[in-house]
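The lines below spell out each chain.
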Amino acid sequence: MSSDHGSEYAATAARLGCAPLVDAMGRLHNHRAHILALCSPDPTRPLFGPAATLAYLPYRDDLPQTAAGFGELFDQAVGDDPAGKVLVLSSGGYRDVSHGGGTKLSRVALHGLAGVLADGRLRDFAQLRDHGFATWCQGEATRWGGDTIMPFAAGVTVEIAGVCVTPGDYVFADTAGAVVIPRASIERVLQEAAEIDAEDAAYVARIRDEHSPL
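This report concerns the structure included in the present document.

The rules behind these values
Residues numbered from 1 in each chain as written. Predicted model: local features only at pLDDT ≥ 70, side-chain atom pairs only at ≥ 80, totals over all residues. Heavy atoms only, no water. Helix = DSSP H or I, 4+ residues; strand = E, 2+ residues; numbered from the N terminus. Rg over C-alpha atoms; globule rule 2.2 N^0.38 Å. Areas by Shrake-Rupley, 256 points an atom, 1.4 Å probe, with all protein chains shown as cover. Lys, Arg positive; Asp, Glu negative; His and termini not counted. Charge placed at Lys NZ, Arg CZ, Asp CG, Glu CD. Buried < 20%, exposed > 50% of the residue type's maximum accessible area, 1.4 Å probe, protein only. Arc of directions from axis to C-beta. Contact = heavy atoms within 4.5 Å. Salt bridge = Lys/Arg side-chain N within 4 Å of Asp/Glu carboxyl O. Phe/Tyr/Trp six-rings, centres within 6.5 Å; stacked < 30°, edge-to-face > 60°. Expected span 1.5 Å × (residues − 1). Core = buried A, V, L, I, M, F, W, Y, C linked by side-chain atoms within 4.5 Å.

1. Details of the overall build of the chain
Here comes step 1: Counting secondary structure elements, the chain contains 6 helices and 10 strands.
Here comes step 2: By the compact-globule yardstick of 17 Å for 214 residues, the chain fits well, its C-alpha radius of gyration being 18 Å.
Here comes step 3: Seen through its C-alpha atoms, the chain measures out along the principal axes to roughly 75 × 35 × 30 Å.
Here comes step 4: Total accessible area on the chain is roughly 10400 Å²; 51% of this is exposed by carbon and sulfur atoms.
Here comes step 5: Averaging the positions of the 17 positive and the 27 negative side-chain charges in the chain gives two centres separated by 4 Å.

2. So, helix H3 (residues 70-78)
Here comes step 1: Buried within H3 are the following residues: Phe70, Gly71, Leu73, Phe74, Ala77 and Val78. In a view along the axis of H3, the buried residues occupy a sector of 165°, so they form one face of it.
Here comes step 2: For H3, the secondary structure elements touched by its buried residues are strand E2 (47-58), strand E3 (86-89), helix H4 (106-110) and strand E6 (149-154).
Here comes step 3: Glycine 79 occupies a position one or two residues after H3 and carries a positive phi of about 70°.

3. Notes on unusual backbone geometry
What is expected of a backbone is that most residues other than glycine have negative phi and most peptide bonds are trans.
Here comes step 1: Its identity is not glycine, yet aspartate 124 carries a phi of approximately 65°, on the positive side.
Here comes step 2: One can find aspartate 124 in the loop between strand E4 (115-118) and helix H5 (125-131).
Here comes step 3: Despite not being glycine, alanine 161 has its phi angle at roughly 50°, a positive value.
Here comes step 4: Note on placement: alanine 161 falls in the loop between strand E7 (158-160) and strand E8 (163-165).
Here comes step 5: The buried category is assigned to alanine 161, whose relative accessible area is 17%.

4. Looking at the pattern of salt bridges
Here comes step 1: Following the criterion strictly, the structure yields 7 salt bridges and no others.
Here comes step 2: Arginine 27 is the salt-bridge partner of glutamate 192, the closest N and O atoms lying 2.8 Å from each other. Of this pair, glutamate 192 sits in helix H6 (residues 186-210) while arginine 27 sits in helix H2 (residues 18-28), placing them 165 residues apart in sequence.
Here comes step 3: For glutamate 192, a relative accessible area of 17% translates into the label buried.
Here comes step 4: Among the ionic pairs, aspartate 147 bridges to arginine 143, the shortest N-O distance being 2.6 Å.

5. Considerations on the packing of aromatic side chains
Here comes step 1: All chains considered together, the criterion is met by 3 aromatic pairs.
Here comes step 2: Aromatic side chains tyrosine 9 and tyrosine 170 sit 6.0 Å apart centroid to centroid with 85° between the ring planes, which places their arrangement in the edge-to-face category. Here the residue tyrosine 9 occupies a position in helix H1 (residues 3-16), and tyrosine 170 occupies one in strand E9 (residues 170-174), the gap between them amounting to 161 residues.
Here comes step 3: Assessed through its relative accessible area of 9%, tyrosine 9 is described here as buried.
Here comes step 4: On the basis of relative accessibility, which here comes to 2%, the residue tyrosine 170 falls in the buried class.

6. What about H6?
Here comes step 1: The end-to-end C-alpha distance of H6 is 36 Å, a good match for the 36 Å that 25 residues give at a rise of 1.5 Å each.
Here comes step 2: Taken residue by residue, H6 has Ile186, Val189, Leu190, Glu192, Ala193 and Ile196 as its buried positions.

7. Brief notes about the nonpolar core
Here comes step 1: Counting residues in hydrophobic clusters, the biggest one holds 24 residues, and the most contacted among them are Leu87, Leu105, Val108, Val116 and Leu122.
Here comes step 2: Elements with a contribution of two residues or more to this core: E2, H3, E3, E4, H5 and E6.
Here comes step 3: Counting residues per element, this core draws most heavily on H3, which supplies 5 residues.
Here comes step 4: Not counting the four nearest positions on each side in its chain, leucine 87 is found in contact with Ala52, Leu54, Phe70, Phe74, Leu105, Val108, Leu113, Gly115, Val116 and Leu117.

Structure representation (structure tokens):
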């Protein structure tokens, strides 16, 4: 993704909002792509960018992978060109458990990512808000979750709220919900969503004309 295209795509997606993008995905693809409304430390910040995935699994103390910490797997997930990406964290089956907080996720700001989409809870909403990136998750947590789930694999396909997310898919989230768009489809989806938005505006205008006083 070039920076010019990325900025253009992000601006278009933010202008349209989640619902037209979901409708456009429904016209172009047959698989589920929408995620119901999430929680954010700052709901005024929409999230957009290509996915860098990190899979969480239930904690075990006997696996070689257990020794790999969040930092190591984060670096694997975002790669050598992290700017503008969205860190996507699967839930490991525990959507009500903390997957990280302001300290751990300060890496997101330091590497210039667009933000985080987590299928679990996150801690330290005030700190996350101050970091300046967009964050969307299942809600705020207070208790550490490292004895329940663990980061297990980076750069793999993950499941987020019933939606399949592969590395490089485009992710958009706002107050209405989130949508996952295949990388190869991003331009077609944005174009289709713009057409849907225009169709809706024209329909509203016709309704207004039908009910305007003579």
